[in-house]
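The primary structure of each chain is shown beneath.
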Amino acid sequence: MAVVTESSLKKMLSKYKYRDLTVREITNVISPYKDLKPVMDAYVFNDGSTKDLMSLTGTVPVSYRGNTYNIPVCLWLLDVYPYNPPICFVKPTSAMMIKTGKHVDANGKIYLPYLHEWKHPQSDLYGLIQVMVVVFGEEPPVFSRPQVQSSYPPYQPTGPPNTSYMPGMPAGVSSYPSGHSANPSGYPSYPYPGGNSYPTASTAQNYNAQTPVTTVGPSRDGTIGEDTIRASLISAVSDKLRWRMKEEMDRAQAELNALKRTEEDLKTGHQKLEQMVSRLDQEVTEVDRNIDLLKKKDEELSSALEKMTSQSENNDIDDVIVPTAPLYKQILNLYAEENAIEDTIFYLGEALRRGVIDLEVFLKHVRLLSCKQFQLRALMQKARKTAGLSDLY
């Protein structure tokens, strides 16, 4: 097949919403995984509708028990990729059978947590294929179709063939499930490159195709005895029940693990809620205590305000200020008297200006008041110095 170029990819993906992102991821994948080829084909949805979508079809190398196997896969990219995860299938060849498990169903569809939790740009095609390699390395999705060879000598049947069983295989079990072709996904077949042979039924985990234990071989007349048929039926039913039981146990274990994680999350949330409730109770208690304290202070301020209001109405303003020592009282009186003289001289000047008194009377009173004011200031300076106060003038 010719090498796919970026321009040809863009042409094929012309109807894709995020064409450039899709082309970039496809280019990053087909470079290391050269067996994966981009193909435009019709995809059939569950409701029967079809749509032309890009698919990466080919094989990915998987290491299993020391050997490397090429696992055939098909990755369908929706037209809104990479914001929606790819739809992935295993595509077995005619020599393979699908091994169903928790990651692959009977139709070959792949289920992975990586696909379930897909989120661009953290998730991409390269990371998806790496996850597939790891998961399929632990549990291969396909195994070689068992080759049944009859050890009995051929004989000429005397009647119509009995198709209810096959020699060497459990009755009712065919070499491939009825109604399924070698390609259960319904996509066009693709020639995959050769590699190591795929794990046989005896090496695939959880699926052991055992040859029925026969207690009695074919009778001398060329027919198979009832004991052989019974043993084949018992072996087939036993294998099927064992597989179903393992599947149910795995599903129950997964549900139990999910419930345990949910229980742990609920316990953690419960502890956080208890801590929050305890902290809120402490804050409510502290707020109540502060409210009580504020009420008490408000009552004290209200009573003090009422007391001051009643005292201001009944007391003389001169009795409100009471010095703590006689010396301070003397300084206060001297200061008040000196300021009174200052006011008297001012009003004498106003009286002279308005002509109420003449100049001679004004000068006489100013002379006497100035002399008195000088004496008061000198005495006040001495008193302040004795009290250890700074100079006022």
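Check the entry above for the structure.
Residues numbered from 1 in each chain as written. Predicted model: local features only at pLDDT ≥ 70, side-chain atom pairs only at ≥ 80, totals over all residues. Heavy atoms only, no water.

Draft legend 1. Up close: the overall build of the protein chain. Within the protein chain one finds 7 helices and 6 strands. For the protein chain, the sequential pattern of α-helices and β-strands runs α-α-β-β-β-β-β-α-α-β-α-α-α. Per-residue burial over the protein chain gives 27% buried out of 393 residues. Summarising the internal contacts of the protein chain: among those between residues at least 6 apart in sequence, 58% fall at separations of at least 24. Accessible surface, the protein chain: about 26800 Å² in total, of which carbon and sulfur atoms supply 56%. (Helix = DSSP H or I, 4+ residues; strand = E, 2+ residues; numbered from the N terminus. Buried < 20%, exposed > 50% of the residue type's maximum accessible area, 1.4 Å probe, protein only. Contact = heavy atoms within 4.5 Å. Areas by Shrake-Rupley, 256 points an atom, 1.4 Å probe, with all protein chains shown as cover.)

Draft legend 2. Broad picture of the pairing of strand β1 (residues 37–44). Pairing analysis gives 8 bridges linking β1 to strand β2 (residues 50–64), with the strands arranged antiparallel. Directly across from Pro38, in β2, lies its bridge partner Leu56. Between β1 and β2, which pair antiparallel and follow one another directly, the connecting turn spans 5 residues, one of which, Gly48, has a positive phi of 95°. (Pairing = 2+ DSSP bridges.)

Draft legend 3. Structural detail: the pattern of salt bridges. Counted according to the given criterion, the structure contains 11 salt bridges. Linking Asp250 and Lys246 is a salt bridge whose minimum nitrogen-to-oxygen distance equals 2.8 Å. Of this pair, Asp250 and Lys246 both sit in helix α5 (residues 226–314), 4 residues apart, which is roughly one turn of the helix. Given a relative accessible area of 32%, Lys246 falls into the partly exposed group. A salt bridge links Arg377 to Glu342; its shortest N-O distance comes to 3.8 Å. Residue Arg377 is found in helix α7 (residues 359–387), and its partner Glu342 is found in helix α6 (residues 326–354); the two are separated by 35 residues along the sequence. Each of Glu338, Glu342 and Arg377 takes part in one network of salt bridges that share partners. (Salt bridge = Lys/Arg side-chain N within 4 Å of Asp/Glu carboxyl O.)

Draft legend 4. Structural detail: the sheet that holds β2. The sheet built from 4 strands is open, its strands ordered β1-β2-β3-β4 with antiparallel pairing. Two strands lie at the open edges of the sheet, namely β1 and β4 (87–90), each paired on one side alone. Direction aside, the axes of adjacent strands within the sheet are offset by 35° on average. Docked against the sheet, helix α2 (residues 19–30) engages β1, β2 and β3 (67–77), running at close to 30° with respect to β2. Strand contacts of helix α4 (residues 125–138): β2, β3 and β4, with the helix running at about 45° to β2, the strand carrying the most contacts. (Axes fitted to C-alpha atoms, helices over the stretch in contact; angles between N-to-C directions.)

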